[in-house]
Amino acid sequence: MAQLIDGKALSAQVLQQVAADVALLKADYDILPTLAVVLVGEDPASQVYVRNKMKRASEVGIGSREHLLDAGTTQDELAQLIATLNSDPLVHGILVQLPLPAQLDEDSVIASIHPDKDVDGFHPLNVGALAAGRDTLVPCTPQGCMIMLNQVHSNLSGKNAVVVGRSNIVGKPMAALLLQANCTVTIAHSRTQNIESLCRQADIVIAAAGRMALVDATWIKPGATVIDVGINAIEIDGKRKLVGDVAFEAVSQVAGAISPVPGGVGPMTIACLLLNTTRAVTRQLACPLEQGVGAMNTTARSDRYVRS
Ligand SMILES: NC(=O)C1=CN([C@@H]2O[C@H](COP(=O)(O)OP(=O)(O)OC[C@H]3O[C@@H](n4cnc5c(N)ncnc54)[C@H](OP(=O)(O)O)[C@@H]3O)[C@@H](O)[C@H]2O)C=CC1
Ligand SMILES: Nc1nc(=O)c2c([nH]1)NC[C@@H]1CN(c3ccc(C(=O)N[C@@H](CCC(=O)O)C(=O)O)cc3)C=[N+]21
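Thresholds applied
- Residues numbered from 1 in each chain as written.
- Chains lettered and ligands numbered in written order.
- Predicted model: local features only at pLDDT ≥ 70, side-chain atom pairs only at ≥ 80, totals over all residues.
- Near = placed C-beta within 6 Å.
- Helix = DSSP H or I, 4+ residues; strand = E, 2+ residues; numbered from the N terminus.
- Nonpolar A, V, L, I, M, F, W, Y, C, P; charged D, E, K, R; others polar.
- UniProt positions renumbered as here; feature names shortened; annotations may be inferred.
- Buried ≥ 20, exposed ≤ 12 C-beta atoms within 10 Å, placed from the backbone.
- Pairing = 2+ DSSP bridges.
- Axes fitted to C-alpha atoms, helices over the stretch in contact; angles between N-to-C directions.
- Contact = placed C-beta atoms within 7 Å.

The next point concerns the site of ligand 1. Surveying the vicinity of ligand 1 reveals 25 residues, the closest of which are G165, S167, S190, G210 and T269. Tallying contributions element by element places helix 10 (residues 265-284) first for the shell around ligand 1, with 3 residues. For the shell around ligand 1, the per-class residue count stands at 11 nonpolar, 11 polar and 3 charged.

Take a look at the structure:
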């Protein structure tokens, strides 16, 4: 049976570190790291995520502001709110919950967020910095996956990794981080041929397609590590249930390590969002202060979560 990568337990460790950093920022600089979450419309799933994020934020001492806009909000109205948040010195992180209603252009909304407040890491400047291998705010879900992988592998160098999915928010940044960790990376998607045999050669499979039970036991090399990013809501006996992209029971028999859904990547994503909020604070401080909280640079942080 595969080792379970417990995202809930691991996220609690990350959150503990975030809480310590929040305390340090308070004690040394009298700063309350604050996250503004913008939700347009009334999608019930998004409302649950937003509520979860705010709850976790308050648990680690991060301030949060919730901006609930109605579904008919115009591009200009949203742009105005973001401009206000960009120039508010008491707001350090801005997250606009995606997807947005159809009348709003996601790309221009994302581009309007100040790059140093872009805790999602979706701004083109941050995307470019990640692609170039520079220190930047990194998308939360892939960052959470890397922390999970570091639990299982003391060294990722030379591993064959297949990322199933090529979205801007998961697949592409995931591939960039794996490449940064010296993996040999393949990105698979809906047009990929022989995806099953490609995956079967991988030491690491990241499933981020949004297709229930897509990844079956026949796709997995014995002993491989499988990270399930997928979140698919299904109904069983009239009850809502979340499942991932991986056929968990079957794959557990073959894989060396596997993350579950729920309790896997989801909680890690939220922990990394709050981690990015404290990192955003240090980016907004003047240089000498940034050196003062030098322990908070990316390298030091990711090292904390590498298996000892
Ligand atoms: N746990 C968490 O914190 C998070 C979970 N998620 C979940 O992760 C999943 C992916 O999210 P996201 O990247 O935003 O989704 P998108 O729909 O934007 O992208 C899905 C990707 O999967 C590919 N794909 C779809 N079907 C197949 C298939 N049959 N075989 C191979 N590839 C396929 C698509 O290919 P193509 O490009 O060719 O269309 C696309 O690149 C979703 O279930 C989402 O809910 C997302 C964010 C955070
Ligand atoms: N700007 C933006 N940034 C995001 O990071 C973002 C987004 N928009 N839109 C939606 C997706 C999805 N996402 C999840 C976060 C946490 C869980 C999570 O905590 N899931 C729990 C279960 C939660 C439940 O029970 O409903 C788990 O997997 O254990 C899931 C999904 C972030 N996203």
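Next comes the rest of the account.
Residues annotated by UniProt as "domain: Tetrahydrofolate dehydrogenase/cyclohydrolase NAD(P)-binding" (unreviewed entry) correspond here to residues 139-284. Taken end to end, residues 139-284 is 37% helix and 21% strand, and its two terminal C-alpha atoms sit 18 Å from one another.

With that out of the way, let us pick up the pairing of strand 2 (residues 34-40). For strand 2, the tally of buried residues reaches 6 of 7 residues, placing the bulk of the element in the interior. By the bridge criterion, 7 bridges tie strand 2 to strand 3 (residues 63-69) in an arrangement that is parallel. Within the sheet, the bridge partner assigned to T34 lies in strand 3 and is G63. Relative to strand 4 (residues 93-96), strand 2 runs parallel, the two sharing 4 bridges. Opposite A36, over in strand 4, you have I94 as the bridge partner.

Backbone-to-backbone hydrogen bonds join strands into a sheet, with any given pair of strands oriented parallel or antiparallel. Strand order in this open sheet of 3 strands is 3-2-4, and the pairing throughout is parallel. Across the chains shown, the open sheet's two edge strands, defined by having one partner strand only, are strand 3 and strand 4. Direction aside, neighbouring strands of the sheet carry axes that sit 15° apart on average. Where helix 3 (residues 75-87) meets the sheet, its contacts fall on strand 2, strand 3 and strand 4, and the angle it forms with strand 2 comes to roughly 180°.

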